[in-house]
Amino acid sequence: MTKIVILTGAGISAESGLETFRASDGLWAQHRVEDVATPEGFARNPKLVVDFYNARRAQAAEVAPNAAHRALARLEAELDGEVVVITQNVDDLHEQGGSQKVMHMHGALKGALCAACDHRWPAPMVMAPGDPCPACGAPAARPDIVWFGEMPYEMDALFDHLAEADIFAAIGTSGNVYPAAGFVAEARRAGAHTIEFNLERSAVGNQFAEHRIGPASQTVPEWVAEVLGARR
């Protein structure tokens, strides 16, 4: 049975209209990483951080999955095997597109987390600093986002999936952020065929056996059709 593990990054969501962080006019050009994406930034100015993610949550609610998201859902539904999507993105476009097995290693915009007791619950559209935790009552609600300096979620399970992969595909990722940038090396050690989908080769592009250059909304559906056609 074929197992395909797919890593997605900001590039796949950009075609739906979500800003990426690394573009010259992207989110990091408007905000310093240290201010909105670190525990220290949240401690210094929780209102700035909460407002930043409120704005991102509102933006994400206005976009729809694109052809690449829908193609991955088709792959999962029709492949005689297993498809696991590991995403660095905090939007829910994969789920909206129909994917069932999605692992959000960097958290989710639609989630809230208690910094006091680690309870998680669905975030309201607009959070406020000092919102109480519904479990313990502490005024310690924060976005359920993995910030710089924090450990991504489900790392043991992610590496288990990579060790079992027959095919590892990375879509729209920069290859600049670890541990995700090291996934291709893990998959190669496990004997997987590795393929990168991007507008240009990533920082770890030389580690992939195959490259598909172009918009994900074009290259991913073409690849999915090839995979499904070859296995019928």
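Structure: above.
What you are looking at is a predicted structure, and each value in this text was computed from that prediction instead of being measured.

Engineer: Explain the packing of helix α6 (residues 67-78) against helix α10 (residues 216-230) here, please?
Structural biologist: A pair of packed helices is characterised by two quantities: the angle between their axes and the separation of those axes. Where α6 meets α10, the closest approach of the two axes is 8 Å, and the angle between their N-to-C directions is 15 degrees. Looking at the two axes, α6 sits roughly parallel to α10. Our pair here, α6 against α10, has a crossing hand that is left-handed. In contact with A67, A68, A71, L72, R74, L75 and E78 of α6, α10 contributes A216, S217, V220, P221, W223, V224, A225, V227 and L228.

Engineer: Can you walk me through the side chain of D144 in this structure?
Structural biologist: With respect to the secondary-structure elements, D144 resides in strand β6 (residues 141-145). In this structure D144 comes out as buried when scored by relative accessible area, which is 8%. Residue contacts for D144: discarding those within four places in its chain leaves H106, G107, A108, G111, A112, L113, R120 and Y153.

Engineer: Just to check I follow, could you spell out unusual backbone geometry for this structure?
Structural biologist: Peptide bonds are mostly trans, and most non-glycine residues show a negative phi. The step from Y178 to P179 runs through a cis peptide bond, and the omega angle for that step is 15 degrees. For P179, the location among the structural elements is in the loop between β7 (167-171) and α9 (183-189). Phi is positive for D118, close to 70 degrees, though the residue is something other than glycine. Exposure remark for D118: the relative accessible area of 53% places this residue in the exposed category. Even without being glycine, E154 reaches a positive phi, approximately 60 degrees. One can find E154 in the loop between β6 and α8 (155-164). Residue classification places E154 among the partly exposed residues on the basis of a relative accessible area of 46%.

Engineer: What am I meant to see in the pattern of salt bridges here?
Structural biologist: A side chain of one charge can pair with a side chain of the opposite charge if their charged atoms are brought near each other. Across all of its chains, the model carries 14 salt bridges by this definition. Residue K47 is joined to D51 by a salt bridge in which the shortest nitrogen-to-oxygen separation is 2.6 Å. Note that K47 and D51 are positioned in helix α5 (residues 46-60) at a spacing of four residues, about one turn of the helix. Residue classification places D51 among the partly exposed residues on the basis of a relative accessible area of 34%. Measuring nitrogen to oxygen at the nearest pair gives 2.5 Å for the salt bridge that ties K101 to E82. Remark: E82 occurs in strand β2 (residues 81-87) and K101 occurs in the loop between α7 (93-97) and β3 (102-104); sequence separation between them is 19 residues. When its relative accessible area of 19% is taken as the criterion, E82 is described as buried. Each of K3, E82, K101 and E164 takes part in a single network of salt bridges with overlapping partners.

Engineer: Sorry if this is basic, but what is going on with the sheet that holds strand β4 (residues 107-114) here?
Structural biologist: Adjacent strands of a sheet form backbone hydrogen bonds with each other and so pair up, either parallel or antiparallel. Taken together, the three strands give an open sheet; going across it, the order is β5-β4-β6, and neighbouring strands pair in antiparallel fashion. Edge positions in the open sheet fall to β5 (120-122) and β6, since each of these has one partner strand only. Averaged over all adjacent pairs, the angle separating strand axes in this sheet is 45 degrees, with direction ignored. Pairing between β4 and β5: three bridges, direction antiparallel. Looking across to β5, one finds that G111 is bridged to P122. Against the sheet, α5 touches β4 and β6, its axis set at about 140 degrees to β4.

Engineer: Explanation requested: the pairing of strand β1 (residues 2-8) in the structure shown.
Structural biologist: The side chains of a regular strand alternate, first on one face of the sheet and then on the other. Counted residue by residue, β1 has seven buried out of seven residues, so it is predominantly covered. Residues T2, I4, I6 and T8 point to one face of β1 and K3, V5 and L7 to the other, with burial holding for every one of them. By the bridge criterion, seven bridges tie β1 to β2 in an arrangement that is parallel. Residue K3 lies in a different strand from β2, and its bridge partner there is E82. Pairing of β1 with β7 involves five bridges; the strand directions are parallel. Bridge assignment links T8 to a residue of β7, and that residue is I171.

Calculation criteria
- Residues numbered from 1 in each chain as written.
- Predicted model: local features only at pLDDT ≥ 70, side-chain atom pairs only at ≥ 80, totals over all residues.
- Heavy atoms only, no water.
- Axes fitted to C-alpha atoms, helices over the stretch in contact; angles between N-to-C directions.
- Helix = DSSP H or I, 4+ residues; strand = E, 2+ residues; numbered from the N terminus.
- Parallel < 35°, antiparallel > 145°, perpendicular 65-115°, else oblique.
- Left-handed = near helix turned anticlockwise from the far one by under 90°.
- Contact = heavy atoms within 4.5 Å.
- Buried < 20%, exposed > 50% of the residue type's maximum accessible area, 1.4 Å probe, protein only.
- Salt bridge = Lys/Arg side-chain N within 4 Å of Asp/Glu carboxyl O.
- Pairing = 2+ DSSP bridges.

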